[in-house]
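Here is what each chain is made of, one letter per residue.
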Amino acid sequence: MLKVGIIGCGKITQVRHAPEYAENPNVNLVGYYDEDPRRSRAMAEEFGGVAFNSAEELLSSGVDAVSVCVANVAHAEMTIKALNAGVHVLCEKPMAATMEECEDMLKAARISGKRLLIGQNQRLAKAHQKARELIINGEIGRVITFRTTFGHPGPEGWTGMKNSWFFDKKRAAFGTMADLGVHKTDLLHFLLDDEIDEVTAKIATLDKQFPDGSPITVDDNAYCIYQTKKGAVGTMHVSWTFYGEEDNSTIIYGTKGVIRCYHHPKYSLIVESPNGAKIYFQLDQLTSNKDQTSGGRTNTGVIDTFVSALISGEASYLDAEESIKAMRVIFAAEESAHKGSTIHISQ
Ligand SMILES: NC(=O)c1ccc[n+]([C@@H]2O[C@H](COP(=O)([O-])OP(=O)(O)OC[C@H]3O[C@@H](n4cnc5c(N)ncnc54)[C@H](O)[C@@H]3O)[C@@H](O)[C@H]2O)c1
C-alpha cells in the first residue's frame, strides 16, 4: 500500500484528489496539510488520516507520495520540498508560476530519483484518447488546422468566492491563459503527437472585476494562433466570460476528415469523412465546473494514473517532462501578447 498525503485542501482536493485516492485500493490516505487548518481537519474527518500542522511534518511522517493542490504560486515550493524529502509528487496544473520554477521542479525530480506528474487530466478523457489514436493512425490524414476552446463563467463559481485567489496575480500568477490554456495547449501536444513551436497571442482582461469594481489583476480571455512543428496552424480561445454553458471542445481538420471532441451534448467524439459520412462515439462527457460544484463527480483517472505510474515505474502521459512543454508555450504566449509579435518556442 502506498502511503499518500495531500498538501492544499481546497476544492480540487475535495472533489478529485481525496475521493479518488480513497477509491484506489493501493492507497492509504494518511494525512493532509493546509495553511487553513479547518480545511485539513475537514479532509481528515471525511476521508481518515491526520491533519498535520506543517508541510514538513506531513513530509517526514513516512509518506511515499503527495498531491500538491495549493494556489499556483506555491506549487514549486511545495513540490521541491516534497521531492527533496524523497516523496513522489502529483502537482496540480499549471505546473508553476515561472519557467525557472518549472525547470527547478524537474531538476529536483531528477536529483531525488522520485516521480513528478502534473494533473493534466484532459489527456485522460476518453474522447481525447480515442481521437489521438485515430489521428496517429492517419484516419483523418494530415492535420491541417484545429480549433480548441475552453470557456466557462469563471472560477468564482468553482471556489464559491467572488474574490477568488484565481483573480489575484500575486497568488495565481496568471489568469485564463494558464488556468485553462495550459489544459488545451497540453492537449494539442497530446492529440496531434506534435509540439507547438510558434505562437501569436492576444491576452486581455475584458470583464471580470473584484467586488470593489476594479478589474482583476490577471487576464480573463486569451486567444492564440498556434503553429506546430509538423506545420498545422490553428487557434485556442480560453475564457472566464462564457456566461452560459461551458465549452470544452476541440475540432481537428485533416486532409481526409474532421474529428470533433466534446462538441456534441451526446456524442463526445464524431469523425466526419469528406463524403459526408459520420461516425458517432458515445464515450464519456467531460465533467464541467457546474457538475462538480453541484456535487456531481466522475473519476478523472488522474489519481489512478499517478498510482499506477508509481507502482509500475513506467513512463506516464502525465510526466512533468511532457507538461513543461505546454508551460513553455504559455510563457511564450504571454511574451507574444506583451510584445505584440509572434514568438518562436524552442522545446
Ligand atoms: N486539473 C484541473 O482541472 C484543476 C481544476 C481546478 C483547480 N486546479 C488547480 O488546483 C490548485 C488548487 O485549486 P483549488 O480550486 O483547489 O483552489 P482552492 O482555493 O479551493 O484551494 C487551495 C487550497 O490551498 C491552500 N493553500 C494555498 N496556498 C497554500 C500554501 N502556501 N500552503 C498551504 N496551503 C495553501 C488554501 O488554503 C486552500 O485551501 C490550483 O493550482 C488550480 O489551478 C486544477
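Residues numbered from 1 in each chain as written. Predicted model: local features only at pLDDT ≥ 70, side-chain atom pairs only at ≥ 80, totals over all residues. Heavy atoms only, no water.

## As for the overall build of the chain
For the record, the criterion: In DSSP terms, a helix is any run of H or I states spanning at least four residues, a strand is any run of E spanning at least two, and both are numbered starting from the N terminus. Only C-alpha atoms enter the radius of gyration; for comparison, a globular chain is expected to reach 2.2 Å times N to the power 0.38, where N is the number of residues. A 1.4 Å probe rolled over the protein chains alone gives each residue an accessible area, and that area as a share of the maximum for its type sets the label: buried under 20%, exposed over 50%, partly exposed in between. In this analysis, two residues are considered to be in contact whenever any of their non-hydrogen atoms come within 4.5 Å of each other. In this charge count, Lys and Arg are treated as positive and Asp and Glu as negative; neither His nor the chain ends contribute. Lys charges are placed at NZ, Arg charges at CZ, Asp charges at CG and Glu charges at CD.
Looking only at helices and strands, one finds 13 helices and 15 strands in the chain. Compactness check: the chain gives a C-alpha radius of gyration of 20 Å against a globular reference of 20 Å for 347 residues, within 12% of the reference. By its C-alpha atoms, the chain is 60 × 50 × 40 Å across when sized along the principal axes. Across the 347 residues of the chain, 55% fall into the buried class. Once local pairs closer than 6 in sequence are excluded, the contacts in the chain between residues at least 24 apart make up 69%. Side-chain charges of the chain comprise 36 positive and 44 negative groups, with the mean position of each set lying 3 Å from the other.

## Overview of the packing of aromatic side chains
Quick reminder of the rule: Under the pairing criterion, centres of Phe, Tyr and Trp rings, with the six-membered ring standing for Trp, must be within 6.5 Å; the plane angle then separates stacked pairs below 30 degrees from edge-to-face pairs above 60, leaving the rest tilted. Definition used: whenever NZ (Lys) or CZ (Arg) falls within 6 Å of the ring centre and also within 35 degrees of the ring normal, the charge is taken to sit over that ring.
As enumerated under the stated definition, the model contains 5 aromatic pairs in all. On the basis of an interplanar angle of 20° and a centroid distance of 4.0 Å, the ring pair of Trp165 and Phe166 is categorised as stacked. By relative accessible area, which is 11% here, Phe166 ends up buried. Sitting over the ring of Phe150, Lys184 keeps its end group 5.5 Å from the ring centre.

## Comments concerning the side chain of Glu272
Threshold: Polar contact is defined as a pair of N or O atoms within 3.5 Å, subject to the rule that within protein one atom must be able to donate a hydrogen and the other to accept it, and that residues adjacent in sequence are counted only when both atoms are side-chain atoms.
For Glu272, the position within the fold is in strand β13 (residues 269-272). A distance of 2.6 Å separates a polar atom in the side chain of Glu272 from a polar atom in the side chain of Arg260. Residue contacts for Glu272: discarding those within four places in its chain leaves Lys256, Gly257, Val258, Arg260, Ala277 and Lys278.

## Describing the site of the ligand
For the record, the criterion: What makes a residue near a molecule or strand is one non-hydrogen atom of that residue sitting within 4 Å of it. In this description, accessible areas are obtained by the Shrake-Rupley approach with a 1.4 Å probe, and a residue is regarded as covered only by the protein chains that are shown. Each residue is assigned to one class: nonpolar for Ala, Val, Leu, Ile, Met, Phe, Trp, Tyr, Cys and Pro, charged for Asp, Glu, Lys and Arg, and polar for all the others, Gly among them. Domain extents, as shown, originate in an automatic or database domain assignment.
Close to the ligand lie 27 residues; Asp34, Arg39, Asn72, Trp158 and Trp165 are nearest. Arg171 has a polar side-chain atom sitting 3.3 Å from a nitrogen atom of the ligand. Here the ligand, which alone exposes 840 Å², has 91% of that area covered by the protein. Elements with a contribution of two residues or more to the shell around the ligand: α1 (11-23) and α4 (75-84). Broken down by element, the shell around the ligand gets its largest block of residues, 3 residues, from α1. Looking at the shell around the ligand residue by residue, the class counts come to 12 nonpolar, 7 polar and 8 charged. Looking at which domains feed residues into the shell around the ligand, each of domain 1 (2-118) and domain 2 (123-296 + 318-344) gives three or more.

## Let's talk about the domain arrangement of the chain
Frequently, the measure chosen for interface size is the accessible area removed from exposure when the parts meet. Operational definition: Accessible surface is computed with a 1.4 Å probe, and the buried area is the amount of it that two parts give up when combined, taken over both parts together. One side-chain nitrogen of Lys or Arg within 4 Å of one carboxyl oxygen of Asp or Glu is enough to make a salt bridge.
Partitioning the chain into domains gives domain 1 (2-118) and domain 2 (123-296 + 318-344). Using only C-alpha atoms to locate each centre, domain 1 and domain 2 end up separated by 25 Å. Taken together, the contact between domain 1 and domain 2 spans 22 residues of the former and 22 residues of the latter. Among the residues domain 1 hides against domain 2, the three largest losses belong to Lys11, Lys93 and Met99. Together they make up 25% of the total. Counting across the interface, domain 1 meets domain 2 through 4 salt bridges. In this structure, the connection of domain 1 to domain 2 is made through 8 residue pairs in polar contact (both at pLDDT 80 or more). Within the residue set of the side of domain 1 that touches domain 2, elements represented by two or more residues are α1, α5 (99-112) and β6 (116-118). For the side of domain 1 that touches domain 2, a count of residues per class yields 14 nonpolar, 2 polar and 6 charged.

## Remarks on the pattern of salt bridges
When the charged atoms of two side chains lie near each other, side chains of opposite charge can form a pair. Counted under the stated rule, the structure contains 17 salt bridges. Close ionic contact of Glu195 with Lys229 constitutes a salt bridge, the shortest N to O distance being 2.6 Å. Note that Glu195 is positioned in the loop between α10 (181-192) and β8 (196-204) and Lys229 in the loop between β9 (221-228) and β10 (233-239), a separation of 34 residues in sequence. Judged by relative accessible area, which is 16%, Glu195 ranks as buried. Residue classification places Lys229 among the partly exposed positions, given a relative accessible area of 49%.

## With respect to the environment of Val70
Of note, Val70 is situated in the loop between β4 (65-68) and α4. Separated by 53 residues in the primary sequence, Val70 and His17 have C-alpha atoms spaced 12 Å apart. Excluding residues within four positions of it along the chain, Val70 makes contact with Ile7, Gly8, His75 and Met78.

## Re the environment of Thr228
Structurally, Thr228 is set in strand β9. Accessibility expressed as a relative area gives 3% for Thr228, which makes it buried. Sequence-wise, Thr228 and Met1 are 227 residues apart; in three dimensions their C-alpha atoms are separated by 42 Å. Not counting residues within four places of it along the chain, the set of residues in contact with Thr228 comprises Phe146, Leu192, Asp194, Glu195, Ile196 and Asp197.

## Description of the sheet that holds strand β7 (residues 143-151)
Convention followed: When DSSP finds two or more bridges between two strands, those strands count as paired.
Pairing is mixed across the open sheet formed by 9 strands, whose spatial order is β14-β13-β12-β11-β7-β10-β9-β8-β15. A strand with exactly one partner marks an edge of an open sheet, and here the two such strands are β14 (278-281) and β15 (343-344). Examined bridge by bridge, β13 and β14 share 4 bridges and lie antiparallel to one another. Paired with Ile270 across the bridge in β14 is Tyr280.

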